[in-house]
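Examination of the molecular architecture
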Amino acid sequence: MLGPGRSTKGTAALGEFILLAGTDPAKLEDLKFTNPVASVNPPVTTLDPLRFPKNAKRDPDDRKTGPASFALDGDRKTAWTNERDPARNNEPAVLTLELAEPLKADAKLHFKYRLVQPHGGFNSDDNQTYNFGRVRISVAPTLPNTLDQMPPLVLEALLTDPKKRTTEQSARMFAHWRENNPKFAAETKQIESIYSKVPEPTWALVAAETAKSRETRLFDRGEQTHPKHLVKPHVPGFLHPLPEGDPESRLTFAKWIVDPASPVAARVMVNRIWQAYFGIGLLETSEDFGHQAAATSHPKLLDWLAVEFMESGWDMKRIHYLITTSATYRQSSLVSPALQDRDPKNRLLARASRFRVPAETVRDIQLVSSGLLNPQLGGRSVFPPAPRYLFERPVSYGPKTWLVEEDSQRYRRALYTFRFRSVPYPMLTTFDAPSGAISCVRRTLSTTPLQALVTLNEQVSLEAALGLAHRMLTDEGSLEQKLSRAFERCTSRTPDAEEVAALVSVYKANLTPDSEQAKLFKKTYNPVTLDLSAHPIEKLFAAATVARTLLNLDETITKN
C-alpha cells in the first residue's frame, strides 16, 4: 500500500519493481512479473519540474509518469504514480503484480527487492523527490483478485460493518462503483473535470504540539549527564505572571507578550519601524533591549509610541502615518559643519537622516526608473540572471538548479528573488542583504568599490540601463529635456543647468556611429521585454551610457 509520497504534491513514482530470489544469497536471480494492476492509473504525463518554472532553455527532461504498466516496462524514464489531482493525491493506492512463472525451490529461498525511484531531482537539492512516504509490501500464494486490487480506502469501507459505516465511506464505495460502471461514463467524465480544477494547496510550515510533552530538566552547570529537577514553560519571575488557569502553551505565551502589562513587544516593534525611516532606532541596539543595550536617545518618545501602538489596537498603519507626517521626519537632510561635528549620527534628530537604501530597494529603483519593473504582487519566487558558476561545484555545496527567467518575471521586485542560504544572490549580498542563515534585526550598511562595480556591470543593472535609455529616446522634447526627465526618474528632483550640461556631454561623447562595442552591448544586455530595434545603435548606446551614470549616482540609491 502506498501512502502519501515525498514530492511537493504528496505523490510518489515507482520506476521499476525488481525482485531477486535464489537459494544462494550471493547468486540471486531476477524474477519476472506480469499483469500489473493499480487502483490508480493516471494518464501519461511528462515530469513536472515542480519548483522551477518551465523554461525553453532548460535541459530537456523526458521522464514520464503514468499507469501501472510503467512499473514493469524496463524503462527507468517511466514510472507508475499515484498522482491524480490535488484533492486525491494523498489517498493511498495499491499496485498488484503476478509472477510470470510459479516459484519453486527445494531449499531455503533468499529474497531481495528493489524499489527503483529515479524520478527525483538530479541532485538532492531539488524538490522532486518522488520517493514513497509510506510503503507496505505483501506477498500471497494465490493470484490477486478484485478485492486485492481495490483502492485501500474503498476496501476498508467495504469490509466495515454496514451498520457502522460512515457517510464518507458509503460515498467512496458509490464513487468507486460509478467510476467502473460504463453506464455512468459521461457523469464520471464531468466529475473528473471538476476534480481537475481543484487548486494546488499552498505550502505552509506549522508547529504542532506532541501528544505527550517532552520532559525537560535543568542540567548541572550545563552538563547533560547530570540532570537535576524538572522545569516547565514559564516566564521570568521578575515580570508579571502568566494568566492563572491558562494552559502552558504557545498561545498563552503569545497573549502574555501582547498584554498591556508587558509593553516590550510594542516598544521593540515601534523601534524597528523608526529604524526603517531614520536608519537607526531610538534604541540603537534594536536586537537587544536588555541591560547591555545602548542608551535610548529619546526614552519618553519611545514609550509614547509604544503606548499609542497598543491603544490603537496594534495598528501599524497608524504608527507609519504618525512618523511620516511628523515635522521630525519631514526635515531636510542638509547639515551644517557645526551640527555634523556635534551630532554625526543624527541622534538629536535635528535633520532628516541620510543613508543608502536597503539592497532590495537598490534593485527596485533600477527597475522602476527603467520602466522594466513587473508590478505583480505575490506568487512564486523568481530567478533573475546570476553567474552560473555560483551554483556548481566547488563554489556550491552540491549542484543547484537556477533556471534564469526569460520573460517579465526576471524584473519582479527583489523581494521575490529566490535565495539559497548556502549561495545568496550576489547582487543583494554586495549591498549588505543578510544571507538568511540567522535572523537579522539590524542590517549593517557599507560603502565599497564592489558595489559600484556591480551596478555598472551586473546583468540586470545593464538591462535596466538599456530600459532607461529606451525611455529617454522615446520621450518627447529636446535632448536636454529628455535627459532632465531621466535624471528626475532616478533622483526624484529636477537637475540644475550644470548637471544637464554634464549629461549632454556624456551623451555626445559616446555618440559613435558603427561602434562594435555598442553592437555587442545591445546584443548582450537587451531587455527581454523591450524591442529596441527602432532606435539607432549609436543613439541607444549613448543614452545607455547616460543611464548607467544616472543609475550609479550616490543620490539615486540614497535616502535624502
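Structure: see above.
Reference entry: report on the structure contained in this document. (Residues numbered from 1 in each chain as written. Predicted model: local features only at pLDDT ≥ 70, side-chain atom pairs only at ≥ 80, totals over all residues. Heavy atoms only, no water.)

1. Observations regarding the overall build of the chain
Scanning the chain from N- to C-terminus turns up 16 helices and 13 strands. Taken over the C-alpha trace, the chain has a radius of gyration of 33 Å; the compact-globule value for 560 residues is 24 Å, which it surpasses by more than 25%. Seen through its C-alpha atoms, the chain measures out along the principal axes to roughly 100 × 75 × 55 Å. Buried positions account for 37% of the 560 residues belonging to the chain. Residue pairs in contact within the chain that sit at least 24 positions apart in sequence constitute 65% of those at least 6 positions apart. Element-wise, carbon and sulfur atoms account for 55% of the exposed surface of the chain, whose accessible area totals about 33900 Å². In the chain, which carries 72 positive and 65 negative side-chain charges, the distance between the mean positions of the two groups comes to 1 Å. (Helix = DSSP H or I, 4+ residues; strand = E, 2+ residues; numbered from the N terminus. Rg over C-alpha atoms; globule rule 2.2 N^0.38 Å. Buried < 20%, exposed > 50% of the residue type's maximum accessible area, 1.4 Å probe, protein only. Contact = heavy atoms within 4.5 Å. Areas by Shrake-Rupley, 256 points an atom, 1.4 Å probe, with all protein chains shown as cover. Lys, Arg positive; Asp, Glu negative; His and termini not counted. Charge placed at Lys NZ, Arg CZ, Asp CG, Glu CD.)

2. Looking at the sheet that holds strand E6 (residues 64-66)
The strand order across the open sheet formed by four strands is E1-E7-E6-E5, and the pairing between neighbours is mixed. Edge strands, defined here as strands with exactly one partner in the open sheet, are strand E1 (13-14) and strand E5 (45-46). Both E1 and strand E7 (residues 78-81) contribute to a ladder of two bridges, which runs antiparallel. Within E7, the position partnered with Leu-14 by the bridge is Trp-80. (Pairing = 2+ DSSP bridges.)

3. A word on helix H14 (residues 497-509)
For H14, which comprises 13 residues, the first-to-last C-alpha distance of 18 Å matches the rise-based estimate of 18 Å (1.5 Å per residue) to within 8%. When we look at burial in H14, the residues that qualify are Val-500, Leu-503, Val-504 and Tyr-507. The arc enclosing the buried residues of H14, seen along the axis, measures out at 100°, which places them on a common side. Away from its buried face by more than 90 degrees, H14 exposes Glu-498 and Ala-509. Tucked inside the fold, the buried residues of H14 contact helix H12 (459-474), helix H13 (479-491) and helix H16 (537-551). Taking the backbone nitrogen of Glu-498 as reference, a side-chain oxygen 3.2 Å away marks Asp-496 as the first, capping residue of H14. (Expected span 1.5 Å × (residues − 1). Arc of directions from axis to C-beta. Polar contact = N/O pair within 3.5 Å; in protein donor to acceptor, adjacent residues only side chain to side chain.)

4. Let's talk about the environment of Leu-97
Looking at where Leu-97 falls in the secondary structure, it is placed in strand E8 (residues 95-99). Of the residues examined, Leu-97 reaches a relative accessible area of 21% and is grouped as partly exposed. With 350 residues separating them along the chain, Leu-97 and Thr-447 place their C-alpha atoms 67 Å apart. Setting aside residues up to four positions removed in sequence, Leu-97 forms contacts with Phe-17, Phe-33, Thr-34, Asn-35, Pro-36 and Leu-72.

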